[in-house]
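Summary of structural features
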Amino acid sequence: MTVQQDSPGDSGTQDLEVWIDQDLCTGDGICVQYAPEVFELDIDGLAYVKSSDDELLQDKGATTPVPLPLLQDVVDSAKECPGDCIHVRRVKDSVEVYGPDAE
């Protein structure tokens, strides 16, 4: 597993972001079990990402930064998701690095 590390000087920024395709979400909640700081099930039974302020982001395609300490939990969520709806991509070029469209 590699993480983007060619951003010298801006260590305060996040290199990866995650989003969920609710059209494919099965509502199993596996992502919430792995990373409750990043994912949450809403009243509609679907999973959404949360902002760093713990706010549920319900806009279609909403992204949130992946905190480095939670990277493995977010990656495991993407791998185990039965709906294949969790996408983790690099911020600088929007290339998916984990999830159904990862290269």
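Residues numbered from 1 in each chain as written. Predicted model: local features only at pLDDT ≥ 70, side-chain atom pairs only at ≥ 80, totals over all residues. Heavy atoms only, no water.

Right, let's get into the pattern of salt bridges. For the structure shown, the criterion picks out five salt bridges. Residue Asp23 pairs with Lys60 through a salt bridge whose shortest N-O separation is 3.0 Å. Highlighted residues: Asp23 in the loop between strand S1 (16-20) and helix H1 (30-34) and Lys60 in the loop between strand S4 (56-57) and strand S5 (64-65), separated in sequence by 37 residues. For the pair Asp23 and Lys60, one class covers both residues: exposed. Across the pair Lys50 and Asp54 runs a salt bridge, and its minimum N-O distance is 2.8 Å. Shared partners join several salt bridges into a network, and the residues in it are Glu40, Lys50 and Asp54. (Salt bridge = Lys/Arg side-chain N within 4 Å of Asp/Glu carboxyl O. Helix = DSSP H or I, 4+ residues; strand = E, 2+ residues; numbered from the N terminus. Buried < 20%, exposed > 50% of the residue type's maximum accessible area, 1.4 Å probe, protein only.)

Mapped onto the fold, Glu17 is located in strand S1. One polar contact links Glu17 to Thr63, side chain to side chain, over a distance of 3.3 Å. Among the polar contacts made by the side chain of Glu17, one reaches the side chain of Arg89 at a distance of 2.8 Å. With residues up to four places along the chain from it excluded, the contact list for Glu17 reads Thr63, Thr64, Pro65, Val66, His87, Val88, Arg89 and Val91. (Polar contact = N/O pair within 3.5 Å; in protein donor to acceptor, adjacent residues only side chain to side chain. Contact = heavy atoms within 4.5 Å.)

The strand order S2-S3-S4 describes an open sheet built from three strands, whose pairing is antiparallel. Bordering the open sheet on either side are strand S2 (39-41) and S4, each of which pairs with just one other strand. Where S2 meets strand S3 (residues 47-50), three bridges bridge the pair, whose relative direction is antiparallel. Among the inter-strand pairings, Phe39 is bridged to a residue of S3, identified as Val49. (Pairing = 2+ DSSP bridges.)

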